[in-house]
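Structure assessment
Spelled out, the chains give:
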Amino acid sequence: MDEQTSEQKLYDFWEKAGLFKADPKSSKKPYSLLMPPPNVNGDLHLGHAMQQSILDAVARFKRMQGFDVLLLPGVDHAGIIFESTFNKELAKENLSKQKLGYDSWMKRAWKFKEKIYNSFHNTWTFLGISADWSREVFTLDPKIQQATFVEFKTLWEQDLIYKGAYIVEWCPKCNTAIEDVEMEYEERKEKLYYVKYQIQNNNVIPAEAGIHGSRIISQRLIVFWTKYGMTDQFITIATARPETIYADCGIAVFPNHPKFAKFIGKFAINPLNNNQIPIFEDTRVEKDFGTGALKITPGHDPLDFAIGKDHNLPILHAIDKLGKMTDLAGDLQGLKIAEARAKVAEILEQNGTIEKVEEYTHSVPVCERCKTTVEPLISEEWFIKMKPLAEKALKNLDKINFLPKNYDKILGDWLSGIHDWCISRNLWWGHRIPIWYKGNQIQVSKDSPGEDWVQEEKVLDTWFSSGMWPLSTLNWPSSAKASEGKPDKSDELEKYFPWDFELTAPEIKYLWIARQIMLSLWFKDSIPFKNMFFHGTLRGIDGKKFSKSLGNGINPYDLVQLWGVDATRMALYSYSAPGRDGRTSRQIIDERCRNYRNFGTKIKNIYRFIYELKPKEIATSPTAPRNDISTTLGTDVIAIRQLPEKQSHIDNKKILEELNKTINDVTKNLESFQLHLATETLYEFIWHKFADVYIEKSKDRRAEAQPVLEYVFQTCLKLLHPFMPFLSEELWQKIAPGESIMTKNWPKTI
RNA sequence: GGGUACUUAGCUCAGUGGUAGAGCGCUACAUUCACAUUGUAGAUGUCGGGGGUUCAAAUCCCUCAGUACCCACCA
């Protein structure tokens, strides 16, 4: 507990001294790091702690190297996940979106957001993150609202935004569209019906068959076919959802189907309503599934929707948003899906169009909240045409240094096969789409264009705003305009963009990273960041992801309480190899933390030995703190190093050479963001070379060794500072009261 | 189905062409010494299997097997 408060004190000291602040007016070269904004949906977990510790180490390193460092923090409103989390909270009080209504729901949502926000700040502070808090941004802040609006308006004016039909997953019970993340999959045993569709023969369809009539007397079909010798004149399809047959609009078969190819271009007859539906080829139909023919129901299936779109089929709905049959189903209108399915099966059985029924186990998407089977439904949504943006990104991908390297190719592949981005969401939490309607008129506007204009109810996809994060956090577009007028050196966008360093978890490489690259190039004609670091994911010991529901998460706060911040950070760096996942458990992470806690203790003892237990006869040596102790000492040590062999002890030369090597290695490893190697090098040098060997042997010749002891130790503190900020600062201030190690220069070799 | 990685000491992982490494654990010894949150010494591995390239392969290539993740899909 004592340690915690002393760390808090140091943190306050740094903040008050303004050491975290970037200075756009500074003449120093800029180095900018963008914090990936965590989602406001719960406490920060161990993965966040690792991510932020990496970020902080790089920032502290660059500051000491003499850069004007901007580490810009922020938080993402995270539409879907936030709403889902928040609505679950409300459910505990037996409340819901519907019950509260828009205004009071929103009020409570902001309060909930504040609560999470505060917990984020605690975590950042106790981890020692040296971000410039005066510039902190939330994705719903006014300036981000403005940037998002300009983003939308520009794309709209460039004719890249359009409204189109789109399949959304609809939960009939919650009466809302739900997102992938809100879906679960359940293994269900269902029946797979093989249904025969008669082929229409233009020549021989007698009126008596009733094909053109209202509803055929189904039982008579088979009799009829047999009578006219047409028993092989049909296509069989397999379906698990026969009730959707009412909305069938076509039948697709895979190319060169041995049995069905001859029917291409003809029409099939819907066995439920006798509609004539076209038969055509499509490569998306799988040869080996079902019969190789697929009924196309664009209103109720995403694949069918896509196929239907390409073949200009209409979109019909047999099921409505409440999960009930529509008027398309005739007598079955109003029935629930399950009832309708049973009825349809009966009808098909009666009219002899069922070839066979198979037991069939497959996973069915269900709503995570109410476990109701989710129904795909067509809905009107907003899209961006991505092709031109992706093409520009593809051309510039090689300008970004990806770690690990192969992400260049992974993102490239994705960009090459890009499809349009659906940017609208049926949520309340987010940026409202700035579209206004009045009758048939449409306008893009931030505020109401006047009386009787109604705003689009949907909000924008979270990634639509966070995709602009690299620009909007630096006050784009207003600063862009300012700089167009007359160049101003203090302009922050010009100074800090593109960002020098960005890092994130690999699972959002497409959702976030690819979009940032596309949007930055589109709006600013520049890559958003120069170095893109994908860290690994911390997983459970079984290799599976940590998750709240499994309860296998590890709270960084617990570790910090037990082992201290610096030790926890060091343990996390040991997992920070780019792109490498780490398996861990509370026990294993504790082992590592304990090891680094011991390392910290070792360092404190080295300090005690060198400074507090300095023999009296050298107590007045010229190594007492001055303005810059390291410079002064460095001179002394250089002198020692340059002494001829006989006068300078061989151990001195050896340790100074090894220190040089350590400085080089640590610097190189930090420059290439290999923090796991940097910390390992330091650990090895300080403990096993400096303490175990040099210090031990120096005891016989203490006075002579003292300048070297001090020099090596001070250099180590500086090298250690990016990783163990608190311990290094605490000891530095004991050596040089009133100074901060943060303001010292990064060590150079001598 | 498409993609990406991983497989090295009992465990968790580094190392990516030149005599197998760390931490934890294990064994033995030491300890009034800055530090037992310690020190010294030690044991433990055909670097997933098989094949190839090379003077030389844990490291490069091919192949098989297992594991995990990402994306898509499940008529």
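To be clear, the structure that these remarks concern was listed above.
Here we summarise the structure given alongside this text. (Residues numbered from 1 in each chain as written. Chains lettered and ligands numbered in written order. Predicted model: local features only at pLDDT ≥ 70, side-chain atom pairs only at ≥ 80, totals over all residues. Heavy atoms only, no water.)

A word on the overall build of chain A
- Secondary structure summary: chain A contains 23 helices and 25 strands in total.
- Contacts in chain A between residues far apart in sequence, at least 24 positions, make up 79% of those at least 6 positions apart.
- As displayed, chain A has an accessible area near 33,400 Å², and 50% of this comes from carbon and sulfur atoms. (Helix = DSSP H or I, 4+ residues; strand = E, 2+ residues; numbered from the N terminus. Contact = heavy atoms within 4.5 Å. Areas by Shrake-Rupley, 256 points an atom, 1.4 Å probe, with all protein chains shown as cover.)

A word on helix α23 (residues 725-735)
- The buried count for α23 comes to 8 of 11 residues, which makes it a mostly enclosed element.
- For α23, every residue scored as buried is listed here: Pro725, Phe726, Leu727, Ser728, Glu729, Leu731, Trp732 and Ile735. (Buried < 20%, exposed > 50% of the residue type's maximum accessible area, 1.4 Å probe, protein only.)

Some words on the protein's contact with RNA strand B
- Near RNA strand B, the surroundings consist of 50 residues, among which Ala238, Asn406, Arg583, Thr601 and Trp687 are the closest.
- In this structure, a sugar or linking oxygen belonging to RNA strand B sits 3.0 Å away from a side-chain N or O atom of Asn605.
- Between RNA strand B and Glu680 there is a distance of 3.5 Å, counted from a sugar or linking oxygen to a side-chain nitrogen or oxygen.
- Elements with a contribution of two residues or more to the surface near RNA strand B: β7 (183-200), β8 (234-239), β13 (354-367), β25 (582-583), α18 (586-612) and α21 (675-698).
- It is α18 that provides the largest number of residues to the surface near RNA strand B, a total of 12 residues.
- Looking at the surface near RNA strand B residue by residue, the classes come out as 21 nonpolar, 12 polar and 17 charged. (Near = heavy atom within 4 Å. Polar contact = N/O pair within 3.5 Å; in protein donor to acceptor, adjacent residues only side chain to side chain. Nonpolar A, V, L, I, M, F, W, Y, C, P; charged D, E, K, R; others polar.)

Here we look at the pairing of strand β14 (residues 375-384)
- Taking burial as the measure, the 10 residues of β14 include 9 buried ones, the bulk of the element.
- With 10 bridges joining them, strand β5 (residues 161-171) and β14 adopt antiparallel strand pairing. Looking across to β14, one finds that Ala165 is bridged to Glu380.
- The pairing of β14 with strand β16 (residues 421-422) spans 2 bridges and is antiparallel. For Phe383, the partnering residue across the bridge sits in β16 and is Cys422. (Pairing = 2+ DSSP bridges.)

Some details on the packing of helix α20 (residues 650-671) against helix α22 (residues 702-720)
- Viewed as axis vectors pointing N to C, α20 and α22 meet at an angle of 10°, and their least axial separation amounts to 11 Å. Considered as vectors, α20 and α22 are oriented roughly parallel to each other. Contact residues: α20 offers Asn652, Ile655, Leu656, Leu659, Thr662, Ile663 and Val666, while α22 offers Glu704, Val708, Tyr711, Val712, Thr715, Cys716 and Leu719.
- Of the residues that constitute the contact of α20 with α22, the class distribution is 10 nonpolar, 3 polar and 1 charged. (Axes fitted to C-alpha atoms, helices over the stretch in contact; angles between N-to-C directions. Parallel < 35°, antiparallel > 145°, perpendicular 65-115°, else oblique.)

Points about the nonpolar core
- Of all hydrophobic cores here, the largest spans 112 residues; its most connected members are Phe501, Phe599, Ile603, Phe690, Phe713 and Phe723.
- In this view, Ile603 contacts Ile686, Phe713, Leu717, Leu720, Met724, Leu727 and Leu731; residues no more than four positions away in its chain are not counted.
- Leu70, Ala393, Val444 and Ile508 belong to the second largest nonpolar core, which has 56 residues in total. (Core = buried A, V, L, I, M, F, W, Y, C linked by side-chain atoms within 4.5 Å.)

Details of helix α4 (residues 97-127)
- Its 31 residues place the ends of α4 only 36 Å apart at the C-alpha level, less than the 45 Å of an ideal helix rising 1.5 Å per residue.
- At the exit of α4 stands Gly128, carrying a positive phi of roughly 85°. (Expected span 1.5 Å × (residues − 1).)

A few points about the environment of Ala147
- With respect to the helices, strands and loops of the structure, Ala147 is situated in helix α5 (residues 142-157).
- On the basis of relative accessible area, Ala147 is assigned to the buried category, the value being 1%.
- The spatial distance from the C-alpha of Ala147 to the C-alpha of Ser472 is 5.8 Å, given a sequence separation of 325 residues.
- Setting aside chain neighbours within four positions, we find Ala147 in contact with Ser472, Trp476 and Pro477.

Observations regarding the packing of α20 against α21
- Two elements in contact, α20 and α21, have axes separated by 9 Å at closest approach and are oriented at 170°. The orientation of α20 relative to α21 falls into the category roughly antiparallel. Across the interface between the two elements, Asp651, Asn652, Ile655, Glu658, Leu659, Thr662, Asp665, Val666, Asn669 and Leu670 of α20 pack against Leu675, Leu677, Ala678, Thr681, Leu682, Phe685, Lys689, Phe690, Tyr694 and Lys697 of α21.

Side note on the packing of aromatic side chains
- Under the definition given, this model contains 40 aromatic pairs.
- Here Trp14 and Phe20 contribute two aromatic rings whose centre-to-centre distance is 6.2 Å and whose plane-to-plane angle is 55°, an arrangement assigned as tilted. Note on accessibility: Trp14 and Phe20 belong to one class, buried.
- What links up through ring pairs into an aromatic cluster is the set Phe82, Phe86, Tyr102, Trp105, Trp110, Phe112, Tyr117, Phe138, Trp428 and Trp429.
- Positioned above the aromatic ring of Tyr575 is the side chain of Arg592, whose terminal nitrogen or guanidinium carbon lies 4.2 Å from the ring centre. (Phe/Tyr/Trp six-rings, centres within 6.5 Å; stacked < 30°, edge-to-face > 60°. Lys NZ or Arg CZ within 6 Å of the ring centre and 35° of its normal.)

A few points about the sheet that holds strand β18 (residues 435-438)
- Spatially, 3 strands are ordered β19-β18-β20 in an open sheet, and the strand pairing comes out antiparallel. Lying at the two open borders of the sheet, with one neighbouring strand each, are β19 (441-444) and β20 (454-455).
- Across the face of the sheet, α5 comes into contact with β18 and β19 while running at roughly 130° to β19.

With respect to the side chain of Thr667
- Residue position: Thr667 is located in helix α20.
- Reaching out from Thr667, the side chain makes a polar contact with the side chain of Trp746 at a distance of 3.0 Å.
- When sequence neighbours within four positions are dropped, the list of residues in contact with Thr667 reads Phe61, Gln65 and Trp746.

Observations concerning the sheet that holds strand β1 (residues 30-34)
- One open sheet accounts for 5 strands, arranged β2-β1-β22-β23-β15; its pairing is parallel. Strand pairing shows two members of the sheet lacking a second neighbour, β2 (68-72) and β15 (401-403), which therefore form its edges. Going from strand to strand, the sheet's axes swing by 15° on average, the running direction of each strand aside.
- Of the pairings in the sheet, the one linking strand β22 (residues 499-504) to strand β23 (residues 529-534) comprises 5 bridges and is parallel in character. For Leu503, the partnering residue across the bridge sits in β23 and is Phe533.
- Set on the sheet, helix α2 (residues 46-64) makes contact with β1, β2, β22 and β23; between it and β22 the angle comes to about 160°.
- Across the sheet, helix α15 (residues 509-524) touches β1, β15, β22 and β23, and the angle it forms with β23 is around 170°.

Looking at the environment of Leu44
- Turning to its location among the elements, Leu44 is positioned in the loop between β1 and α2.
- Looking at Leu44, the relative accessible area reads 5%, which means it is buried.
- Along the primary structure Leu44 and His121 are separated by 77 residues, whereas in three dimensions their C-alpha atoms are 9.8 Å apart.
- In contact with Leu44, other than residues within four places in its own chain, are Pro38, Phe120, Thr123, Trp124 and Pro556.

Quick look at unusual backbone geometry
- Pro477 follows Trp476 through a cis peptide bond whose omega is 5°.
- Structurally, the position occupied by Pro477 is in the loop between α12 (469-472) and α13 (478-485).
- Omega for the peptide link from Phe497 to Pro498 comes to -5°, which places this bond in the cis form.
- Inspection of the secondary structure puts Pro498 in the loop between α14 (492-496) and β22.
- A positive phi angle is found at Asn274, which is not glycine, with a value near 65°.
- Looking at the secondary structure, you find Asn274 in the loop between β10 (267-269) and β11 (276-281).
- Using a relative accessible area of 5% as the deciding quantity, one classes Asn274 as buried.
- Residues other than glycine seldom take positive phi values, yet Asp525 does so here, at roughly 60°.
- Exposure remark for Asp525: the relative accessible area of 57% places this residue in the exposed category.

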